[in-house]
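Examination of the molecular architecture
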Amino acid sequence: MDTPNTKNTTAFYAQSAVAFGSALLAMLGAIYYLPGDGWPKAFLALGTLFLTTSSFSLAKCVRDAQETQYVVSRLDQARVDKILADHNPWKEAN
């Protein structure tokens, strides 16, 4: 049981990085130019940064869970393959 090739292209990485950077800069720029005192701006900026770092942590957890599931399924498949390879119903018993 092989998984499909899931290698991402350089263009996909570049698009993802540009989209992330522009979204973060737009949000921080909007907070900076927001009328009002500094405390609400600082609160919104910290909230934005916390949301950003939490998103990275969540993405890593999801990726790690998928990789773990893939390794477990590969181990299970290897065990089944070994059992099937060792079992030969037409082999003469000695």
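This structure is a prediction, so every number in the text was calculated from the model and none was measured.

Some details on the side chain of Thr48
Considering the arrangement of structural elements, one finds Thr48 in helix 2 (residues 38-86). Those residues in contact with Thr48 that lie beyond four places of it in its chain are Leu24, Met27, Leu28 and Ile31.

Quick look at the packing of aromatic side chains
According to the stated counting rule, one finds two aromatic pairs in the structure shown. Ring plane angle 70 degrees and centroid distance 5.3 Å describe the contact between Phe20 and Phe56, whose orientation is recorded as edge-to-face. Of this pair, Phe20 sits in helix 1 (residues 10-32) while Phe56 is found in helix 2, placing the two residues 36 residues apart along the sequence. Between Tyr32 and Tyr33 the ring centres are 5.0 Å apart and the planes differ by 85 degrees, which places this aromatic pair in the edge-to-face class. The same class applies to Tyr32 and to Tyr33, which are both exposed. Over the aromatic face of Tyr32 sits the side chain of Lys41, whose NZ or CZ is 6.0 Å from the ring centroid.

Remarks on the pattern of salt bridges
Applying the stated rule across the entire model yields three salt bridges. For Asp64, the salt bridge is made with Arg63, and the minimal N-O distance between the two is 3.3 Å. Look at Asp64 and you get partly exposed, because its relative accessible area is 25%. Residue classification places Arg63 among the partly exposed residues on the basis of a relative accessible area of 43%. One network of salt bridges, with partners in common, ties together Lys60, Arg63, Asp64 and Glu67.

Focus on a nonpolar patch on the surface
On the surface, Leu34, Phe43 and Leu44 cluster together to form a nonpolar patch covering roughly 300 Å² of accessible area. By secondary structure assignment, the location of Leu34 is in the loop between helix 1 and helix 2. Assessed through its relative accessible area of 36%, Leu34 is described here as partly exposed.

Thoughts on the packing of helix 1 against helix 2
It is the contact of helix 1 with helix 2, at a shortest axis distance of 9 Å, that shows an interaxial angle of 165 degrees. What the angle tells us is that helix 1 and helix 2 run roughly antiparallel. For the pair helix 1 and helix 2, the crossing hand works out as right-handed. Each of Phe20, Leu24, Met27, Leu28, Ile31 and Tyr32 in helix 1 lies in contact with helix 2, whose residues at this interface are Lys41, Leu44, Ala45, Thr48, Thr52 and Phe56. Looking at the contact of helix 1 with helix 2 residue by residue, the class counts come to nine nonpolar, two polar and one charged.

What counts and what doesn't
Residues numbered from 1 in each chain as written. Predicted model: local features only at pLDDT ≥ 70, side-chain atom pairs only at ≥ 80, totals over all residues. Heavy atoms only, no water. Helix = DSSP H or I, 4+ residues; strand = E, 2+ residues; numbered from the N terminus. Contact = heavy atoms within 4.5 Å. Phe/Tyr/Trp six-rings, centres within 6.5 Å; stacked < 30°, edge-to-face > 60°. Buried < 20%, exposed > 50% of the residue type's maximum accessible area, 1.4 Å probe, protein only. Lys NZ or Arg CZ within 6 Å of the ring centre and 35° of its normal. Salt bridge = Lys/Arg side-chain N within 4 Å of Asp/Glu carboxyl O. Patch = residues over 30% accessible without salt bridge, like charges linked within 9 Å, V, L, I, M, F, W, Y side chains within 5 Å. Areas by Shrake-Rupley, 256 points an atom, 1.4 Å probe, with all protein chains shown as cover. Axes fitted to C-alpha atoms, helices over the stretch in contact; angles between N-to-C directions. Parallel < 35°, antiparallel > 145°, perpendicular 65-115°, else oblique. Left-handed = near helix turned anticlockwise from the far one by under 90°. Nonpolar A, V, L, I, M, F, W, Y, C, P; charged D, E, K, R; others polar.

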